[in-house]
Amino acid sequence: MASKAGGDGKEAINEQVVANTYANMRTEMNQLYTKITELEMEVSEHSLVMGAIEPLDPSRRCYRMIGGVLVERTIKEVLPAVKRNKEGLEEVIARMHEALERKKKEITEFELKYKIRIRKADNNTEEEGSKKEGTAQGVLVGPAGQ
């Protein structure tokens, strides 16, 4: 089944190409989410390190991993570097959030252009009635008298 791309009539695009393009766009968006999460964990680790070493004596010995090599420094030397790294990570995260928003907008426009709708599995409608009873599994409920 071939259809015209948009209303331009520039090229014929079949459903498989549209589906593949859409899947690639979703994959890119998921990769952005994953990378943002990783970087946010790095920021969290930097915050923990800063919180642990800030109250200590600045002349105290400290070790830092640089490129797989453990280097001896002082807290006075390490703390500013950790702060700079954390700020740099936060800037990268901000840029990645912007890229993620652009990607979401691009996907939404693509969905509208090609009238893409996400469907649930066909057997979902048959199972919905039977699943309603089982949805309370794992939920703690207080006494009935309250």
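Calculation notes
- Residues numbered from 1 in each chain as written.
- Predicted model: local features only at pLDDT ≥ 70, side-chain atom pairs only at ≥ 80, totals over all residues.
- Heavy atoms only, no water.
- UniProt positions renumbered as here; feature names shortened; annotations may be inferred.
- Helix = DSSP H or I, 4+ residues; strand = E, 2+ residues; numbered from the N terminus.
- Patch = residues over 30% accessible without salt bridge, like charges linked within 9 Å, V, L, I, M, F, W, Y side chains within 5 Å.
- Areas by Shrake-Rupley, 256 points an atom, 1.4 Å probe, with all protein chains shown as cover.
- Salt bridge = Lys/Arg side-chain N within 4 Å of Asp/Glu carboxyl O.
- Buried < 20%, exposed > 50% of the residue type's maximum accessible area, 1.4 Å probe, protein only.
- Pairing = 2+ DSSP bridges.
- Expected span 1.5 Å × (residues − 1).
- Polar contact = N/O pair within 3.5 Å; in protein donor to acceptor, adjacent residues only side chain to side chain.
- 1 Å grid on protein atoms, 1.4 Å probe; cavity = no way out; pocket = protein on both sides within 12 Å on 5 of 7 lines; lining within 4 Å.
- Points joined across faces, edges and corners; volume = space filled by probe spheres on them.
- Axes fitted to C-alpha atoms, helices over the stretch in contact; angles between N-to-C directions.
- Parallel < 35°, antiparallel > 145°, perpendicular 65-115°, else oblique.
- Left-handed = near helix turned anticlockwise from the far one by under 90°.
- Nonpolar A, V, L, I, M, F, W, Y, C, P; charged D, E, K, R; others polar.

Named according to an unreviewed UniProt entry, the protein is Prefoldin subunit 2 originating from Urochloa decumbens. According to the UniProt record, the Sequence similarities (unreviewed entry) comment for the protein reads "Belongs to the prefoldin subunit beta family."

## Considering the UniProt feature "coiled-coil region" (unreviewed entry) in the protein
In this numbering, the UniProt entry assigns the feature "coiled-coil region" (unreviewed entry) to residues 86-113. Split by type, residues 86-113 is 100% helix and 0% strand. Its first and last C-alpha atoms lie 40 Å apart.

## Side note on a nonpolar patch on the surface
Together, Y63, M65 and L70 make up a nonpolar patch on the protein surface, roughly 360 Å² of accessible area in all. Owing to a relative accessible area of 55%, M65 belongs among the exposed residues under this scheme.

## Overview of the pairing of strand β3 (residues 61-66)
Both β3 and strand β4 (residues 69-74) contribute to a ladder of six bridges, which runs antiparallel. Within the sheet, the bridge partner assigned to Y63 lies in β4 and is E72. Taking the residues between adjacent antiparallel strands as the criterion, β3 and β4 are bridged by two residues, where G67 takes a positive phi near 60°.

## Considerations on helix α1 (residues 15-53)
Compared with the 57 Å implied by 1.5 Å per residue over 39 residues, the 57 Å span of α1 between its first and last C-alpha is a close match. Considered for burial, the residues of α1 that qualify are V18, Y22, M25, M29, L32, I36, L39, V43, H46, M50 and I53. The opening residue of α1 is N14, an N-cap whose side-chain oxygen sits 3.2 Å from the backbone nitrogen of Q16.

## A few points about the environment of L56
Counting through the fold element by element, L56 comes out in the loop between α1 and β3. Taking the C-alpha atoms as reference points, L56 and I75, separated by 19 residues in sequence, lie 7.8 Å from one another.

## Brief notes about the layout of surface pockets
Once rolled over the atoms, a probe with the size of a water molecule shows which space is left empty. In this model, the second largest pocket occupies a volume close to 190 Å³. If you trace the second largest pocket, you find it lined by E42, E45, H46, V49, C62, Y63, R64, M65, V78, V82 and N85. Broken down by secondary-structure element, the contributors of at least two residues to the lining of the second largest pocket are α1, β3 and α2 (75-113).

## Digging into the environment of E90
Looking at the element boundaries, E90 is found in helix α2. When the C-alpha atoms of E90 and V43 are compared, they prove to be 7.1 Å apart, with 47 residues separating the residues in sequence.

## A short note on the environment of Q31
Here Q31 is to be found in helix α1. Here Q31 falls in the exposed class, since its relative accessible area comes to 51%. In this structure the C-alpha to C-alpha distance between Q31 and L100, which are 69 residues apart in sequence, comes to 9.7 Å.

## As for the packing of α1 against α2
Taken N-terminus to C-terminus, the directions of α1 and α2 make an angle of 160°; their axes are 9 Å apart at the nearest point. Accordingly, the angle class assigned to the pair α1 and α2 is roughly antiparallel. Between α1 and α2 lies a crossing of left-handed hand. Along the lines of polarity and charge, the residues of the contact of α1 with α2 split into 24 nonpolar, five polar and 12 charged.

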